[in-house]
Each structure stands twice: as structure tokens, then as C-alpha cells.
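Listed below are the residues making up each chain.
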Amino acid sequence: RLMSVLSVHTLVAIAGAALLAGAAAVHLQGQLRAVRSLPVADRGRLSACTAFGMALCWCSLSRYYEWAPALYAFTHTLQRAGANSFALVVAVLPIFLGFALAGTVLFSDSTGSFAGFSTSCATLWAMCLGDEVNEAFRQAYAARPVAGRLFTYAFSFVFYFTISNIFVFLIEAAHYAALRDILSASGSANVHALLGGDSPGPGFG
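About the thresholds
Here the residue index of a chain counts from 1 through its sequence in written order. The model is predicted, so local features are restricted to residues of pLDDT at least 70 and side-chain atom pairs to those at 80 or more, both for listing and for counting; the totals for chains, interfaces and linings are taken over all residues. Excluded from the side-chain calculations are hydrogens and water; all other atoms, namely the structure's heavy atoms, are used. Here, the term nonpolar core denotes a set of buried Ala, Val, Leu, Ile, Met, Phe, Trp, Tyr and Cys residues that are joined through side-chain atoms within 4.5 Å. Burial classes follow relative accessibility: with a 1.4 Å probe on protein chains only, a residue under 20% of its type's maximum area counts as buried, one over 50% as exposed, and anything between as partly exposed. Helix and strand definitions follow DSSP, with helices as H or I runs of at least four residues and strands as E runs of at least two, each counted in order from the N terminus. Axis geometry follows a simple rule: fit a line to the C-alpha atoms, using only the stretch in contact for helices, then measure angles between N-to-C directions, giving values from 0 to 180 degrees. To sort the angles, those under 35 degrees are grouped as roughly parallel, those over 145 as roughly antiparallel, those from 65 to 115 as roughly perpendicular, and the leftovers as oblique. Note on convention: the crossing is left-handed when the near helix lies turned anticlockwise from the far helix by less than a right angle, right-handed when the turn is clockwise. Here, two residues are considered to be in contact whenever any of their heavy atoms come within 4.5 Å of each other. The term salt bridge refers to a pairing of a side-chain nitrogen on Lys or Arg with a carboxyl oxygen on Asp or Glu at a separation within 4 Å. Per-residue confidence from the predictor is reported as pLDDT, which spans 0 to 100. Two joining distances apply to patches: 9 Å for like charges and 5 Å for nonpolar side chains (Val, Leu, Ile, Met, Phe, Trp, Tyr), and every residue must have over 30% relative accessible area and no salt bridge. Areas reported as accessible are Shrake-Rupley estimates using a 1.4 Å probe. Residue values count occlusion only from the protein chains shown. Pairing of aromatic side chains requires ring centres within 6.5 Å, counting the rings of Phe and Tyr and the six-membered ring of Trp. Pairs whose planes differ by under 30 degrees are stacked, by over 60 edge-to-face, and all others tilted.

Trainee: How would you summarise the nonpolar core if you had to cite specific residues and measurements?
Mentor: One finds Phe 96, Phe 99, Phe 114, Leu 124, Phe 151, Phe 155 and Phe 159 to be the most contacted residues of the largest nonpolar core, which totals 18 residues. Counting residues per element, the ones that place at least two in this core are helix 4 (69-107), helix 5 (117-128), helix 6 (133-143) and helix 7 (145-186). The greatest single-element share of this core, amounting to 6 residues, is contributed by helix 4.

Structure, rendered in C-alpha cells:
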């Protein structure tokens, strides 16, 4: 019963409220000290708590989409896809880190995109999303023509063409599973139509 009360939306709202409370405490601490401006460290904590607290509180508002199937279908899709997507991330993380380490060792001495391990991770993440592919290819090719080509070709094939499409498949399967959940809960003819049934009436839900 406790877990039914502590849903994902409730936990997100609690986390957001806690961060905002922490930001208020930091600000109040600075006011009680009668300091004109908070120290740099305190200002950083205040900004982080306020920013993430507001973001989480706004995200928790998605709980009210449950009353509108047309909107709830998308948030419920994220819930259904979460576990499998996280499992896929864990499965491919060693491969991603391997490419990041290899790129740092091969190209850090002559390219900006692979200047360090964290920079290599950022560059490869951008390449996973289809960004900076040409720029990374040019830099890697200029540093090591053969190894640079093999590196960018291999990474693009593994992550951009293969793993990205697995993510698409997981989200698509989760979307249809979410529609089936909504159909079983509400019996909406419009949801039934999206799953291949009869044509729905006007509107959705």
C-alpha cells in the first residue's frame, strides 16, 4: 500500500519540494548572517537547488495527464520504456566508455574534440544524436587518417545505426503497451482504434 501511494509522480514532487526547501534554507541562512551577498559556494548551492527543485515540481504536474488519455499515453510510454531503456544503457555503457578511452588515447594530442576523457564522452554523446559527426570525423582523420576513419565508422555503425534504432524499437513497443494499458483501464474506443480496431468517433478519449 505504501508503494501505491509513493508513485513516481509523488516521489518527483517530494524531491522538488525538498530541493526548494533547501534553497530557501540556504537563502535564509545568508539573510540571518546579515551578509549582503552569499558566498560563491552558497550561491552555487542556492542556484542548483532552486533550478532542479523547480524542474522537478513542474515535471510532477504530469500526474494530471492521467485524466486525459491523449496526453497520458505519452507519459505512460516513458514509464513503460524506462526499465528496458535503462537496461540497454547499462548494457552498452562499457562499449561507450571503451570508445571514449580509445578516442582520448588516439586523438587527444592533436584534436580538441578528444582532448580529454570527459571531452571525448561529450563528443561521442553528440555523435550518438547525429551531431558533430562531420567535425569529429575531420579531426580524427587529420590526426590519424586510417585509425580516424576506422574509429568514426565503427562508432557510427554501433551507436548511430544499431543502438539508436534499438531505442526506437523499445519506445515504440512501450507506446503500444501503454495504449493497451489505457484501453484495459478505460475501454476507450479511440484507443482501441489506435491498436488496430474499429474507427473511433470524433475526438480522443
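Read on, since the account is not over.
Trainee: Pulling in residues and values, what's your account of the packing of helix 4 against helix 5?
Mentor: Contact pair helix 4 / helix 5: the axes reach a minimum separation of 9 Å and the direction vectors enclose 120 degrees. Looking at the two axes, helix 4 sits oblique to helix 5. The handedness of the crossing between helix 4 and helix 5 is right-handed. The segment helix 4 lies against helix 5, with Phe 96, Leu 97, Phe 99, Ala 100, Leu 101, Gly 103 and Thr 104 engaging Phe 117, Ser 120, Cys 121, Leu 124, Trp 125 and Cys 128.

Trainee: Requested: an account of the pattern of salt bridges, with residues and values cited.
Mentor: Enumeration according to the criterion identifies 1 salt bridge in this entry. A salt bridge links Arg 80 to Asp 181, with the shortest nitrogen-to-oxygen separation between them at 2.4 Å. Of the two residues, Arg 80 sits in helix 4 while Asp 181 sits in helix 7, which places them 101 residues apart along the sequence. Relative accessible area serves as the criterion here: at 36%, Arg 80 is assigned to the partly exposed category.

Trainee: If you had to explain the confidence of the model for the chain to someone new, which residues and values would you point to?
Mentor: Of all residues in the chain, 76% attain a pLDDT of 70 or more, and the chain-wide mean is 77. Mean pLDDT in the chain bottoms out at helix 1 (residues 2-5), which sits at 49, and peaks at helix 5, which reaches 90. Predicted confidence is poor over residues 198-205, with pLDDT under 50, and the contacts of this stretch with residues over four places away or in other chains come to 16 contacts.

Trainee: Describe a nonpolar patch on the surface, naming the residues involved and giving the relevant values.
Mentor: Residues Leu 20, Met 54, Trp 58, Leu 61, Tyr 64 and Trp 67 make up a contiguous nonpolar surface patch of about 770 Å² in total accessible area. Here Leu 20 lies in helix 2 (residues 8-32).

Trainee: Now, about the packing of aromatic side chains: what can you tell me, with residues and values included?
Mentor: Taken as a whole, this structure holds 12 aromatic pairs when the rule is applied. Geometrically, the ring pair formed by Phe 99 and Phe 159 is edge-to-face, given 6.1 Å between the ring centres and 80 degrees between the ring planes. Residue Phe 99 is located in helix 4, and its partner Phe 159 is located in helix 7; the two are separated by 60 residues in the primary sequence. Here a set of aromatic residues connected by ring pairs shows up, and it is made of Phe 96, Phe 99, Phe 107, Phe 114, Phe 151, Phe 155 and Phe 159.

Trainee: Quick rundown of the side chain of Thr 75? Include the residues and the values.
Mentor: Here Thr 75 is to be found in helix 4. Accessibility expressed as a relative area gives 13% for Thr 75, which makes it buried. If near-sequence neighbours (up to four positions away) are discounted, Thr 75 is found in contact with Ser 62 and Tyr 65.

Trainee: Describe the side chain of Thr 123, listing the residues and the values that go with them.
Mentor: For Thr 123, the location among the structural elements is in helix 5. Excluding anything up to four places from it in sequence, Thr 123 contacts Ser 113, Phe 114, Glu 132 and Ala 136.

Trainee: Give a detailed account of the environment of Asn 134, specifying residues and quantitative values.
Mentor: Topologically, Asn 134 is positioned in helix 6. Separated by 18 residues in the primary sequence, Asn 134 and Thr 152 have C-alpha atoms spaced 9.5 Å apart.

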